[in-house]
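# Report on the structure
Residues per chain are reported as follows:
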Amino acid sequence: MRRRTLIGALPLLLLAPEALAHPPRQPDPAEAKKFIQEVTDFRARLAKAVLAKDFAALRPLYADSFTHTHGSGKLDNKDARLVAAMAGEPLIEAAPATDLSFRVFTGPTVIVTGKSPILNVKEQKTYDFRWVCVYVTAQDGWQLAVSQATRLS
């Protein structure tokens with residue numbers, strides 16, 4: 001009898017596997033505020049390392065699986081991003097930012113969106129970019145895991 005019940009429930013489980021999942025715990029407001037401050041401090045440290053072209057400081061700040069999607073659709077991994085930073089290319093990580101919005105999730109994970117002016121080196125023209133960065137906690141603190149930038153018209 002038990003076997004029939006499980007077999008009968010199988011189609012329901014296949015159609016709605018999220019029914020078995022527990023909703024993630026959201027940080028309370030005080031905890032979220034703490035994480036936002038930590039990420040704000042992390043972003044300042046990252047920008048400082050980018051501007052100083054400090055490879056030793058930068059390397060651990062990016063997750064090993066880091067990717068950045070450019071406005072053109074080009075995809076950089078961690079090594080390509082570090083090379084760009086060492087070459088002094090304009091990066092959203094070091095650009096002045098406005099319209100910042102923080103979303104805090106468990107993990108903790110913080111998603112930050114903003115807008116920054118970025119110089120197009122080939123054209124010698126500055127464009128505004130809307131961007132998103134995902135910050136995650138690692139063994140030694142915060143890391144930048146993913147970023148994407150879209151040029152605004």
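The structure presented is a predicted model; accordingly, all values stated were derived computationally and were not measured.

Cut-offs used in this document
Residues numbered from 1 in each chain as written. Predicted model: local features only at pLDDT ≥ 70, side-chain atom pairs only at ≥ 80, totals over all residues. Heavy atoms only, no water. Helix = DSSP H or I, 4+ residues; strand = E, 2+ residues; numbered from the N terminus. Buried < 20%, exposed > 50% of the residue type's maximum accessible area, 1.4 Å probe, protein only. Contact = heavy atoms within 4.5 Å. Areas by Shrake-Rupley, 256 points an atom, 1.4 Å probe, with all protein chains shown as cover. Pairing = 2+ DSSP bridges. Salt bridge = Lys/Arg side-chain N within 4 Å of Asp/Glu carboxyl O. Axes fitted to C-alpha atoms, helices over the stretch in contact; angles between N-to-C directions. Arc of directions from axis to C-beta. Polar contact = N/O pair within 3.5 Å; in protein donor to acceptor, adjacent residues only side chain to side chain. Core = buried A, V, L, I, M, F, W, Y, C linked by side-chain atoms within 4.5 Å.

### Focus: the overall build of the chain
Across its full length, the chain holds four helices and six strands. Its helices and strands taken in sequence order, the chain reads α-α-α-β-β-α-β-β-β-β from the N to the C terminus. Expressed as a percentage of the 153 residues in the chain, the buried residues total 31%. The contacts in the chain between residues at least 6 apart in sequence include a share of 46% that link residues at least 24 apart. Of the roughly 9900 Å² that the chain leaves accessible, carbon and sulfur atoms contribute 59%.

### A closer look at the pairing of strand β1 (residues 62-69)
Two strands pair when backbone bridges link them, and β1 and strand β6 (residues 141-151) are joined in this way by four bridges, in the parallel orientation. Counted as the bridge partner of H68 is S147 from β6.

### Some details on the pattern of salt bridges
Pairing between side chains of opposite charge can happen when their charged atoms approach one another. Applying the stated criterion across every chain, the model contains seven salt bridges. The partner of D76 in a salt bridge is K74, with the nearest N and O atoms 3.7 Å apart. A relative accessible area of 4% means that D76 is categorised as buried. Three or more residues joined by partner-sharing salt bridges are found here, namely K74, D76, R81 and E93.

### Section: the sheet that holds strand β4 (residues 109-120)
Strands sit in the order β2-β1-β6-β5-β4-β3 across an open sheet of six strands; the sheet is mixed. The sheet terminates laterally at β2 (75-77) and β3 (98-105), the two strands that pair on one side only. Across the sheet, the mean angle separating the axes of adjacent strands is 20° when strand polarity is ignored. In the packing of helix α4 (residues 78-86) onto the sheet, the strands contacted are β1 and β2, and the crossing angle to β1 comes to about 75°.

### Concerning α4
An α-helical segment advances 3.6 residues per turn. Residues three or four places apart therefore align on the same side. Buried within α4 are the following residues: K78, R81, L82, A84 and A85. Along the long axis of α4, the arc covered by the buried residues comes to 160°, so they all point the same way. Summarising the contacts, the buried residues of α4 are in contact with α2 (29-52), α3 (55-58), β1 and β2. Capping the start of α4, N77 holds a side-chain oxygen 3.2 Å from the backbone nitrogen of D79, two or three residues further along. Residue G88 follows α4 closely and has a positive phi angle near 80°.

### Topic: the environment of P27
Here P27 shows up in the loop between α1 (2-15) and α2. On a C-alpha basis, the gap between P27 and T106 in space is 6.4 Å, while along the polypeptide they are 79 residues apart. With residues up to four places along the chain from it excluded, the contact list for P27 reads A32, F35, V104, F105 and T106.

### Things to note about the nonpolar core
Ranked by size, the top nonpolar core spans 29 residues in total, and within it L46, L58, Y62, Y135 and L144 carry the most contacts. A total of seven residues in this core trace back to one element, the largest contributor, which is α2. Ignoring sequence-local partners within four residues, the contact set of L58 consists of L46, A49, V50, L82, A85 and M86.

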